[in-house]
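An overview of the molecular structure
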Amino acid sequence: MYDFLWRALAGGIGVAIVAGPVGSLILWRRMVVFGSALSHSALLGVVLGLALDIGVTAGAILVCFAVALLFVALRRDPRVSDDAVLGIVAHAALALGLVLLVYVSDVSSELLGFLFGDILAVAPADLWWIWGGGAVVLAVLAVIWRPLLAMTVHEELAAVEGVPVAAVRLAFLFAVALVTAVALKIVGALLIISLLIIPAATARRLTRTPEAMAAAASALGVVAVLAGLGASLLWDAPASPAIVLAAALLFALSVAVPAFKSRGAPAPR
Amino acid sequence: MKHAPVAPAPLHGGDRPGTEPLLLVRDAVVARSGERLLDRVEVTVHSGETVTIVGPNGAGKTTLLRVAMGLLAPDSGTVQRRPNLRIGYVPQHFSLDATLPLTVARWLSLSSNATPTQREAALIEVGARGLDGRALQELSGGELRRVLLARALLRQPELLVLDEPVQGVDMAGQADLYELIARAAAARGAGVLMVSHELHFVMATTDRVVCLNRHVCCEGAPESVGKHPEYLALFGGLPSGVAVYTHHHDHAHAASGAVVPLAHDHHHPHRH
């Protein structure tokens, strides 16, 4: 009878696990604006998925891949500021998605879900996307982890040392796009970026190696999913925003507790 | 003086000009929005040779290094590097996000296959002993330069490419660091191509100076370039009282600033 709850748990935990390392990399590589652009344009993917009748997640994957390619193209032109253009792309895509959504489907009831997530409506097919897509992303990250870290520290230095920087960057952008697309159902287009970066930012305060930070980010994301779903059950809070709120509370705790405990001594890094 | 190219030079050994160069940049032009950042620039580096590029801000020094390393394709002209040339690069700019928890030791291990013993030896060689457990972001300017140099040396480079290798280092430390670079390159028989802001500091350790202001103004031995009219036109306004560092120190400065005895001779017995 609680099938929807188990599916919500499985979907939420799956996304949180993958979001840990991906979110950490987004922070390290200063790509939060790119992540926002991706997550906002995921809504346009919803429209595409409905219009072509290929499913919401497949549409989101297509659009997110397209934005990733756009990002690669922009990087080639030094005259264009990434942040400005991505900020424009993000909100233009969001607005376009909102406008077009009206024409492809009578979705006013679902709109809130697409924007803010509807984890309690996760279907078995969504779980396949989340766990299948998540496995692909983790496999890609495992392969490119070391060269990607080297590039993150200094891209030209890595290039001189023989890292195929263009290929590694593209692989990573596709990984981010895939995570964003499959996470759409869980937290919605507006909140995906928060599930990526808040647990990672929290984990930064508790860890001393990149791998530990990525793993801790995954664990904190899972805790946030459990807490958010719990709040939804107990107090009837909307589940997806409650998950993001739980992640933010964990971050606030990570800032406040060491400061309180050590009273002025340096916080653990 | 110049011979026709002969068989490839051995990997280690103090070859002088005359053998096949490590790096040959010829007629390189790089243009952006119709403006030439590099105008038919030529640079050659041989094994065991130190070539220093001097020039004012915006002279295209870093652009030339990027062209030389293959990071940037010139719009015209040719760049020849010896096949599979191992380059150790020390970039000028280094800014790492505070959110990446990365120690010096871990970073050194990221893309070289050096053993922990080799990594420690490299840190000791550059006077950065004991920094391995520090976060990269916590390093001072001087410490970071030394760690970057250690990483470049760990690749067993045939060519060291150094972009302002003493940036952020105090005046006394600058001379030390230049001497250290010269010793490290000599011990490996490596060629050095470096950018420096100031000719006087590098005179003692440089074989050839290229004065660059988008085009090569003049080139030659440090003493002759220092007297060249075009060089003086670019740098003539600088105070002339800067000492030329040719003396030898009887001590070295560790990255911490502590004075330590010079103990390099037993690290490089083959220099004798």
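Rules used in this analysis
- In this convention, every chain numbers its residues from 1, walking through the sequence in written order.
- Going through the entries in the order they are written, you letter the chains from A and number the ligands from 1.
- Local features are withheld for residues below a pLDDT of 70 in this predicted model, meaning they are given only at 70 or higher, and side-chain atom pairs are given and counted only at 80 or more; totals for whole chains, interfaces and linings count all residues.
- With hydrogens and water set aside, each side-chain value is computed from the structure's full complement of heavy atoms.
- Counting from the N terminus, the helices are DSSP H or I runs at least four residues long and the strands are E runs at least two residues long.
- For this measure, only C-alpha atoms enter the radius of gyration; the expected value for a globule follows 2.2 Å times N^0.38, where N is the number of residues.
- Each residue gets one of three labels from its accessible area relative to the maximum for its type: buried under 20%, exposed over 50%, partly exposed in between, using a 1.4 Å probe on protein chains only.
- Here, two residues are considered to be in contact whenever any of their heavy atoms come within 4.5 Å of each other.
- Using the Shrake-Rupley algorithm and a 1.4 Å probe, accessible areas are obtained, with residue cover drawn only from the displayed protein chains.
- Two aromatic rings, drawn from Phe, Tyr or Trp (for Trp, its six-membered ring), form a pair once their centres lie within 6.5 Å of each other, and the interplanar angle then sorts them: stacked below 30 degrees, edge-to-face above 60, tilted otherwise.
- Only when the NZ atom of a Lys or the CZ atom of an Arg is both within 6 Å of the ring centre and within 35 degrees of the ring normal do we say a charge sits over the ring.
- Two strands pair if DSSP finds at least two bridges between them.
- Two cysteine sulfur atoms form a disulfide, by the criterion used here, when they sit within 2.5 Å.
- Summed over both partners, buried area is the accessible surface (1.4 Å probe) that two parts give up on being assembled.
- A side-chain nitrogen of Lys or Arg and a carboxyl oxygen of Asp or Glu constitute a salt bridge if their distance falls within 4 Å.
- Under this definition, polar contacts are N or O atom pairs within 3.5 Å; protein pairs additionally need one hydrogen-donor-capable and one acceptor-capable atom, and for neighbouring residues in sequence, both atoms have to be side-chain atoms.

Tallying secondary structure elements over chain A gives eleven helices and zero strands in all. Along its sequence from the N terminus, chain A presents helices and strands in the succession α-α-α-α-α-α-α-α-α-α-α. Taking 2.2 N^0.38 as the reference for a compact globule, 269 residues should give roughly 18 Å; the C-alpha atoms of chain A span a radius of gyration of 18 Å, in line with that estimate. C-alpha atoms of chain A, sized along the principal axes, occupy 50 × 50 × 30 Å. Here chain A, with 269 residues, has 52% of them falling under the buried criterion. Long-range contacts, defined as pairs at least 24 residues apart, comprise 77% of the intrachain contacts of chain A with a sequence gap of at least 6. A total accessible area of about 11,700 Å² is found for chain A, and carbon and sulfur atoms account for 72% of it.

For chain B, the helix and strand inventory stands at eight helices and eleven strands. Each of the 272 residues in chain B was classed as buried or not, and the buried ones make up 51%. Contacts spanning at least 24 positions in sequence make up 68% of the contacts within chain B whose residues lie at least 6 apart. In the structure as shown, chain B presents an accessible area of about 12,000 Å², 54% of it carried by carbon and sulfur atoms.

Okay, the packing of aromatic side chains next. Taken as a whole and judged by the stated rule, the model has three aromatic pairs over all chains. Aromatic side chains Phe-65 of chain A and Phe-174 of chain A sit 4.5 Å apart centroid to centroid with 55° between the ring planes, which places their arrangement in the tilted category. One end of the pair, Phe-65 of chain A, is in helix H3 (residues 56–75); the other, Phe-174 of chain A, is in helix H8 (residues 165–187), with 109 residues separating them in the sequence. The exposure class of Phe-174 of chain A is partly exposed, given its relative accessible area of 25%. Aromatic pair Phe-94 of chain B and Trp-107 of chain B: ring centres 5.7 Å apart, planes at 70°, arrangement edge-to-face. With a gap of 13 residues between them, Phe-94 of chain B in the loop between strand E5 (87–90) and helix H2 (104–110) and Trp-107 of chain B in helix H2 connect regions that are remote in the sequence. Look at Phe-94 of chain B and you get buried, because its relative accessible area is 16%. Residue class for Trp-107 of chain B comes out buried when judged on its relative accessible area of 1%. Its guanidinium or amino end placed over the ring of Trp-107 of chain B, Arg-151 of chain B lies 4.3 Å from that ring's centre, counting from NZ or CZ.

What follows deals with the pairing of strand E3 (residues 50–54) of chain B. Residue and element names in this part refer to chain B. Burial analysis of E3 places five of its five residues in the buried class, the great majority of the element. The alternating pattern of E3 places Thr-50, Thr-52 and Val-54 and Val-51 and Ile-53 on opposite faces, both of which are buried. Pairing geometry for E3 and strand E7 (residues 191–195), over four bridges, is parallel. Bridge pairing in E7 places Thr-52 opposite Met-194. Alignment of E3 against strand E8 (residues 208–213), held across four bridges, turns out to be parallel.

Looking now at the state of the cysteines. In total, this model carries zero disulfides over all chains according to the counting rule given. Its sulfur unpaired, Cys-211 of chain B is 4.2 Å from the next cysteine sulfur, which belongs to Cys-218 of chain B.

Here we come to the side chain of His-40 of chain A. Structurally, His-40 of chain A can be placed in helix H2 (residues 32–52). In this structure His-40 of chain A touches Ala-90, His-91, Ala-93, Leu-94, Ala-189 and Leu-190 of chain A, once residues within four positions along its chain are discounted.

This next bit is on the interface of chain B and chain A. On the chain A side, the residues contacting the 31 residues of chain B number 22 residues. Both sides of the chain B and chain A interface together cover about 2,400 Å² of buried area, and 55% of this is carbon and sulfur. A per-residue breakdown of the area chain B buries against chain A is headed by Thr-99, Pro-101 and Leu-110 of chain B, which together make up 24% of the total. Viewed at the interface, chain A and chain B are joined by four salt bridges. For the pair chain B and chain A, the number of links is eleven residue pairs in polar contact (both at pLDDT 80 or more). Elements with a contribution of two residues or more to the side of chain B that touches chain A: helix H1 (61–69), E5, H2 and helix H4 (141–154) of chain B.

Another aspect to go through is the pairing of strand E2 (residues 35–45) of chain B. Residues and elements named next belong to chain B. Bridging between strand E1 (residues 23–32) and E2 involves seven bridges; their strand directions are antiparallel. When the bridges of E2 are listed, Ala-28 appears paired with Val-41. With antiparallel pairing between neighbouring strands as the criterion, E1 and E2 make up a hairpin whose turn holds two residues, including Ser-33 at a positive phi of roughly 50°.

Further remarks concern unusual backbone geometry. A negative phi angle characterises most non-glycine residues, just as the trans form characterises most peptide bonds. A positive phi angle, near 55°, is found at Arg-30 of chain A, a position not held by glycine. Here Arg-30 of chain A shows up in the loop between helix H1 (3–28) and H2. The phi angle at Arg-40 of chain B is positive, at roughly 50°, despite the residue not being glycine. Within the fold, Arg-40 of chain B resides in strand E2. Look at Arg-40 of chain B and you get exposed, because its relative accessible area is 51%.

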